[in-house]
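# Residue-level structural notes
Single-letter residue listing:
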Amino acid sequence: MKLSLKVWRQKNKEAEGQFKDYALSDISPDMSFLEMLDVLNEQLLAKGEDPVAFDHDCREGICGSCSMMINGKPHGPESMTTTCQLHMRKFKDGDNVVIEPWRASPFPVIRDLVVDRSAFDRIIQAGGFISVNTGNAQDGNTLPIPKPDADSAMDAAACIGCGACVAACKNASAMLFTAAKVSHLGYLPQGQPERQRRVLKMVEQMDGEGFGNCTNTNDCEAACPKGISVKNITRLNKDFLKATIFG
Amino acid sequence: MSSLLHFLRSTVFTKIVMATSGLLIIGFLVGHLLGNLLMFAGPEKINGYALGLKNLGPLLWVVRIAMITAFGLHVWSSIELALRNRAARPIAYDTKKSLKSTLASRTMLVSGMAILFFVIYHLLHYTFGIIQPNTYYAGGYRMESTGEIVHHVYNMVVAGFQNPFIALSYMIALAFMSSHVSHAMSSAFQTLGITNPNISKFTSKLGPALAAIFLIGYLSIPIGVMIGVIKKAPPQEHVLE
Ligand code: HEM
Ligand code: FES
C-alpha cells in the first residue's frame with residue numbers, strides 16, 4: 001500500500017510544533033499501525049532525520065501507551081481497538097492519514113505524538129486505591145460478591161488509562177476515566193470504607209488538573225478502546241452527591 | 001463540612017446547578033405551553049387565563065422570581081463551565097470526528113445563547129409591549145362572564161403573528177429551544193446520577209419526545225394564526241378601540 005502521512009512534529013514541551021508530510025510505499029496490510037510508523041522511522045533514520053516519537057509498550061492493547069489521534073479519531077477508525085492493534089488493512093491504498101497527539105492542556109505534548117499523562121496518575125493517587133493491612137490475603141470465598149457487581153467492577157476495571165476519552169471529548173473532560181476508577185472499587189465490598197472520600201478526592205484532583213467538564217455527549221464511550229460505559233459517569237455523580245449529603 | 005466545601009467548589013456541583021435549573025425551566029415550559037394553547041379556545045378563555053395569572057398576586061411573583069433565579073443560575077453555570085472547557089483544549093485538532101454525540105449535544109451553548117436572546121425579545125414583545133406597542137395597546141377586552149375590561153392578550157398575539165417576520169423569528173427560536181431540550185433531559189438525568197435502570201431505560205427518549213411536543217405545541221400558535229385558524233376577535237361594542 002501507498003500512504004500519505006501528515007504527522008505532528010514537535011521537538012519538546014516548549015517548542016512550537018507543526019505538521020510534516022511523509023509519503024510511504026510498500027506498506028503491508030498485515031502490519032499494525034505502529035509497525036507502519038516503525039517503517040517510517042527507519043526511513044527517517046536512514047536519511048539522518050529524527051524519528052517520530054510515539055509511546056508504546058505492550059503492543060497488545062493492555063498498557064494504554066499507544067495514544068494518538070488518527071484521522072480525527074482516538075486510536076483510529078476501528079472501534080474498541082488500540083493503535084497497536086489497529087491493522088493497516090483498515091486503510092485503503094493511497095489514503096491520507098493525519099496523525100496528531102492528544103489535545104488537552106492537562107496532557108502537555110512532550111515530543112511529537114507523546115503526551116505527558118501524569119495527570120491521570122495524580123487522579124489515581126488522590127483516591128483510586130483501597131487501604132488494607134498487610135499480611136495473608138483472606139480466603140476469596142469469605143467475601144461474597146454478587147455476580148452482577150463483580151461483572152460491573154471488572155468492566156470498569158478494564159480501563160487502561162490511555163486518555164482516549166479526554167482526547168475524544170469536545171471539552172477535554174476526564175470524567176469517563178475518573179468514573180471508571182471510582183466505580184471499579186465502588187462496586188466491591190473492599191472499596192466501601194473509602195468510597196465517599198475517594199470520589200470527593202478524585203473529582204477534586206480531576207478539576208485541579210484543568211480538565212474540562214462533562215456535558216454528557218457520550219463521545220468518550222464510543223472512543224474508549226475498552227468500551228467503558230458512561231453509566232459509570234452517572235454512578236460517579238450519584239456517589240458524589242451522596243458523599244456530600246451524608247459524608 | 002469539608003466535604004460540603006469540596007462539593008460546592010467542584011465542576012460536578014456546577015453541573016448539578018445547571019441540571020436542576022434547566023429542569024425547572026422545562027417544568028415552566030410545560031405549563032406555559034398548556035396555557036398558550038388556550039389561544040385555540042378563543043379570547044374569553046385566554047384573556048381570562050391571563051387575568052387569573054395576574055390575580056395570583058404574590059404567588060405570581062414567587063414563580064417569576066424562581067424563574068429569574070433558575071435562568072440566572074443556568075446561564076451563570078453555562079458560562080463558568082464553557083470557560084473551563086475552552087481552557088482545557090487550547091490547541092484544536094487538525095482533524096476531529098464526532099463519534100456518537102448528537103449535533104444537539106455539541107451545540108448546547110449556541111442553542112442556549114439563541115434562547116437567551118429570544119427570551120429577552122419575547123419579554124419585550126408580549127410582556128412589556130415594547131417591540132410592537134401598537135398591537136400591545138390595541139384596546140381592551142370585556143369579559144363576557146364578568147363584564148370586566150381586561151388586557152386583550154388574544155388580539156395582541158394574533159396581531160403579532162400576522163407579521164410574518166415576527167412569526168418567523170418565533171419559529172427559529174423554537175427550533176433552537178427544541179434542539180436544546182432534546183439533549184437536556186438525558187443529560188440532566190446523567191448529571192443528577194439517576195442510575196435506576198427502570199428510569200434510565202427511557203431517559204434517552206424523553207428529551208427528543210419532549211422536544212417534539214414543545215416544537216409542535218408552540219409552533220401550532222403562529223402557524224394557526226398564519227393559516228387563519230386563529231382569527232382576530234370581532235370588535236366589542238363597549239370597548240374603546
Ligand atoms: C428554555 C430554556 C432552557 C432550558 C429548558 C434549558 C434546559 C437545560 C437542561 C435541562 C440542561 C441539562 C443540564 C445537564 O447537562 O445536566 C441544559 C444544559 C445546558 N444549557 Fe440550557 N436550558 C435553557 C436555556 C439556556 C440558556 C439561556 C443557556 C445559556 C446561554 C443555556 C446553556 C446551556 C448549556 C451550555 C448547557 C450545557 C450543555 C450540557 O450539559 O449538555 N441553556 N439546559
Ligand atoms: S502499546 Fe500497549 S495498548 Fe497499545
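Near ligand 1 there are 26 residues, and of these Lys15, His74, His180, Ser187 and Thr191 of chain B occur at the shortest range. Chains contributing residues to the immediate surroundings of ligand 1 are chains A and B. His183 of chain B is positioned with one of its side-chain polar atoms (N or O) 3.0 Å from an oxygen atom of ligand 1. Within the side chain of Ser187 of chain B, one N or O atom sits 2.6 Å away from an oxygen atom of ligand 1.

Residues and elements named next belong to chain B. Among the surface-exposed residues, Val30, Leu34, Leu37, Phe40, Ile223, Met226, Ile227 and Val229 lie close enough to one another that they form a single nonpolar patch of about 730 Å² accessible area. Residue assignment for the nonpolar patch shows that the elements contributing at least two residues are α2 (11-36) and α10 (197-226). As for its position among the elements, Ile227 is in the segment after α10.

This next bit is on the domain arrangement of chain A. Residue and element names in this part refer to chain A. Each assigned domain of chain A is listed with its residue range as follows: domain 1 (3-110) and domain 2 (118-246). In this structure, domain 1 and domain 2 have C-alpha centres spaced 29 Å apart. Listed by partner, the interface residues are 17 residues for domain 1 and 19 residues for domain 2. Its largest share of buried area at the contact with domain 2, domain 1 owes to Met80, Pro106 and Phe107, together 39% of the area lost on that side. On the surface where domain 1 and domain 2 come into contact, there are zero salt bridges.

Right, let's talk about the sheet that holds strand β1 (residues 3-9) of chain A for a bit. Residues and elements named next belong to chain A. In spatial order, the strands read β2-β1-β5-β3-β4; together these five strands make up an open sheet with mixed pairing. Each edge of the sheet is formed by a strand with only one pairing partner; in this case those strands are β2 (18-24) and β4 (73-74). Bridging between β1 and β2 involves seven bridges; their strand directions are antiparallel. Note that in β2 the partner of Trp8 across the bridge is Phe19. Sheet contacts for helix α1 (residues 33-46): β1, β2, β3 (69-70) and β5 (95-100); angle to β2, the most-contacted strand, approximately 95°.

This brings us to the coordination of the iron atom of ligand 1. All names here are of chain B. Those donors, His74 (NE2) and His180 (NE2), are the protein atoms that reach the iron atom of ligand 1, and they lie 2.0 Å from it. Residue classification places His74 among the buried residues on the basis of a relative accessible area of 18%. We classify His180 as buried; its relative accessible area is 13%.

Rules used throughout
- Along each chain, the written sequence defines residue order, and numbers are assigned to residues from 1.
- Lettering for chains starts from A, numbering for ligands starts from 1, and both go in the order in which the items are written.
- Under the rules for a predicted model, residues below a pLDDT of 70 receive no local features and side-chain atom pairs below 80 are neither given nor counted, while totals for whole chains, interfaces and linings still include all residues.
- Based on all heavy atoms of the structure, the side-chain values leave hydrogens and waters out of the count.
- Any residue with a heavy atom positioned within 4 Å of a molecule or strand is treated as near that molecule or strand.
- Polar contacts, as counted here, are pairs of nitrogen or oxygen atoms within 3.5 Å of one another; within protein the pair requires one atom able to donate a hydrogen and one able to accept it, and residues that are adjacent in sequence qualify only if both atoms are side-chain atoms.
- Without a salt bridge and with relative accessible area above 30%, a residue can belong to a patch; like charges are then joined within 9 Å and nonpolar side chains (Val, Leu, Ile, Met, Phe, Trp, Tyr) within 5 Å.
- Residue exposure ignores everything except the shown protein chains as possible cover, and the areas themselves are Shrake-Rupley values with a 1.4 Å probe.
- The salt bridge criterion pairs a side-chain nitrogen of Lys or Arg with a carboxyl oxygen of Asp or Glu, the two atoms within 4 Å.
- Helix and strand definitions follow DSSP, with helices as H or I runs of at least four residues and strands as E runs of at least two, each counted in order from the N terminus.
- In this document the domain limits rely on a domain assignment from an automatic tool or a database.
- The contact rule is simple, with two residues in contact once any of their heavy atoms fall within 4.5 Å.
- Accessible-area loss on putting two parts together, using a 1.4 Å probe and summing over both, is the definition of buried area adopted here.
- At least two DSSP bridges between two strands are needed for those strands to be called paired.
- Lines fitted to C-alpha atoms define the axes, with helix axes restricted to the stretch in contact, and inter-axis angles between N-to-C directions lie between 0 and 180 degrees.
- Metal-coordinating donors are taken as N, O and S atoms lying within 2.8 Å of the metal, or within 3.2 Å when the metal is Na, K or Ca; because water is left out, some sites can appear incomplete.
- Only protein chains enter the accessibility calculation, which uses a 1.4 Å probe; a residue whose area is less than 20% of its type maximum is buried, one above 50% is exposed, and one in between is partly exposed.

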